[in-house]
Amino acid sequence: MSTVSVDRTKPRQYEHATHRYFSVSQVCDVVTGGQHWGSQEAMDRGTAVHRLFALTVAAYAGLCAPPTIKPEYAGYARSIQQWLDVAKPEPIAIEDRRVSTVKGLPFAGTFDLLCRMHDKGKSVRLLLDMKSGQAEGWHRIQVQAYGVLCPEAERLALLYIKEDGSMPTWKVVPKNPRDLALFYNALSVLMGRETL
């Protein structure tokens, strides 16, 4: 079994079976016209909170011990726990790296959570992208791209956890061909730049 590796210093950040792929984040940078995380501090916070989310969900599923929570992330931890208590997800994959199997579309990414959830008595496979900042328009494009990498997902969603520990905001994202077209066009720009 071959693994997918990530090296953020490379022009194509993901590698799988000797092939390199642009990251979903790189493509979203083209969509937004620049780096979308704002500052190094915001990027570091996002990385730490994503790790907290992954470990908290894994602990909830009985896969590991609960994570140690640094004081500065205690509010995020409470917000995550509130969502788990209400949503009761059944994790299928946590922080899963995938590469595109669509010919001519060399991109890859790491989605936060694929889980089963119950909605009106029906079990659905949901792909969720967790955010620790404010809602932005490009988030829906990012989760659409993860949906391509994870075709078994029946629904896409964004979860905005709160620093103050309050109930997170939840948003189902309908699959949208226009958002995917924008993503693919931005990917084409990255591929085109390689030929200059």
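Parameters and conventions
Residues numbered from 1 in each chain as written. Predicted model: local features only at pLDDT ≥ 70, side-chain atom pairs only at ≥ 80, totals over all residues. Heavy atoms only, no water. Helix = DSSP H or I, 4+ residues; strand = E, 2+ residues; numbered from the N terminus. Axes fitted to C-alpha atoms, helices over the stretch in contact; angles between N-to-C directions. Parallel < 35°, antiparallel > 145°, perpendicular 65-115°, else oblique. Contact = heavy atoms within 4.5 Å. Nonpolar A, V, L, I, M, F, W, Y, C, P; charged D, E, K, R; others polar. Polar contact = N/O pair within 3.5 Å; in protein donor to acceptor, adjacent residues only side chain to side chain. Phe/Tyr/Trp six-rings, centres within 6.5 Å; stacked < 30°, edge-to-face > 60°. Buried < 20%, exposed > 50% of the residue type's maximum accessible area, 1.4 Å probe, protein only. Salt bridge = Lys/Arg side-chain N within 4 Å of Asp/Glu carboxyl O.

### With respect to unusual backbone geometry
At step 1: One non-glycine residue with positive phi stands out, namely T18, at about 70 degrees.
At step 2: Inspection of the secondary structure puts T18 in the loop between β2 (14-16) and β3 (19-23).
At step 3: Positive phi is not limited to glycine here, since E95 has a value of about 50 degrees.
At step 4: Checked against the element boundaries, E95 lands in strand β4 (residues 90-99).

### A closer look at the packing of helix α4 (residues 138-149) against helix α5 (residues 177-193)
At step 1: Where α4 contacts α5, the axes come no closer than 9 Å and their chain directions differ by 85 degrees. Considered as vectors, α4 and α5 are oriented roughly perpendicular to each other. Of the residues in α5, those in contact with R140, I141, Q144, A145 and V148 of α4 are D179, L180, L182, F183 and Y184.
At step 2: Residues of the contact of α4 with α5, tallied by class, amount to 7 nonpolar, 1 polar and 2 charged.

### Digging into the side chain of R98
At step 1: If you trace the backbone, R98 turns up in strand β4.
At step 2: Here L149 takes part through its backbone oxygen, which lies 3.2 Å from a polar atom of the side chain of R98.
At step 3: For R98, the side chain forms a polar contact with the side chain of E152, separated by 2.8 Å.
At step 4: Ignoring anything within four residues of it in the chain, the contact list for R98 reads A108, G109, F111, L149, C150 and E152.

### Re the packing of aromatic side chains
At step 1: A complete count under the given rule lists 5 aromatic pairs for this structure.
At step 2: Consider the rings of F53 and W83, whose centres lie 6.2 Å apart with planes at 40 degrees: the pair is tilted. Residue F53 is found in helix α2 (residues 40-60), and its partner W83 is found in helix α3 (residues 74-87); the two are separated by 30 residues along the sequence. The pair F53 / W83 is uniform in exposure class, with both members buried.
At step 3: Judged by centre distance (4.9 Å) and plane angle (70 degrees), the rings of F107 and F183 are edge-to-face. Linking F107 in strand β5 (residues 107-119) with F183 in helix α5, this pair joins segments that are 76 residues apart in sequence. With respect to burial, F107 and F183 carry one shared label: buried.
At step 4: By way of ring pairs, the aromatic residues F53, W83 and W170 are connected into one cluster.

### Quick notes on the pattern of salt bridges
At step 1: The tally for this structure, following the rule as stated, stands at 7 salt bridges.
At step 2: D119 is the partner of R155 in a salt bridge, and the nearest nitrogen-oxygen pair spans 2.7 Å. Here D119 lies in strand β5 and R155 lies in strand β7 (residues 155-160), a separation of 36 residues in the sequence.
At step 3: The class of R155 is partly exposed, set by a relative accessible area of 30%.

### A short note on helix α1 (residues 24-32)
At step 1: Regarding α1, the residues found buried are V24, Q26, V27, C28 and D29.
At step 2: Those residues of α1 that are buried lie in contact with β3, β5, α4 and α5.
At step 3: The positive-phi residue at the C-terminal boundary of α1 is G33, with phi of around 85 degrees.

### Comments concerning the environment of V86
At step 1: With respect to the helices and strands, the residue V86 is situated in helix α3.
At step 2: Accessibility expressed as a relative area gives 60% for V86, which makes it exposed.
At step 3: With 81 residues separating them along the chain, V86 and M167 place their C-alpha atoms 9.7 Å apart.

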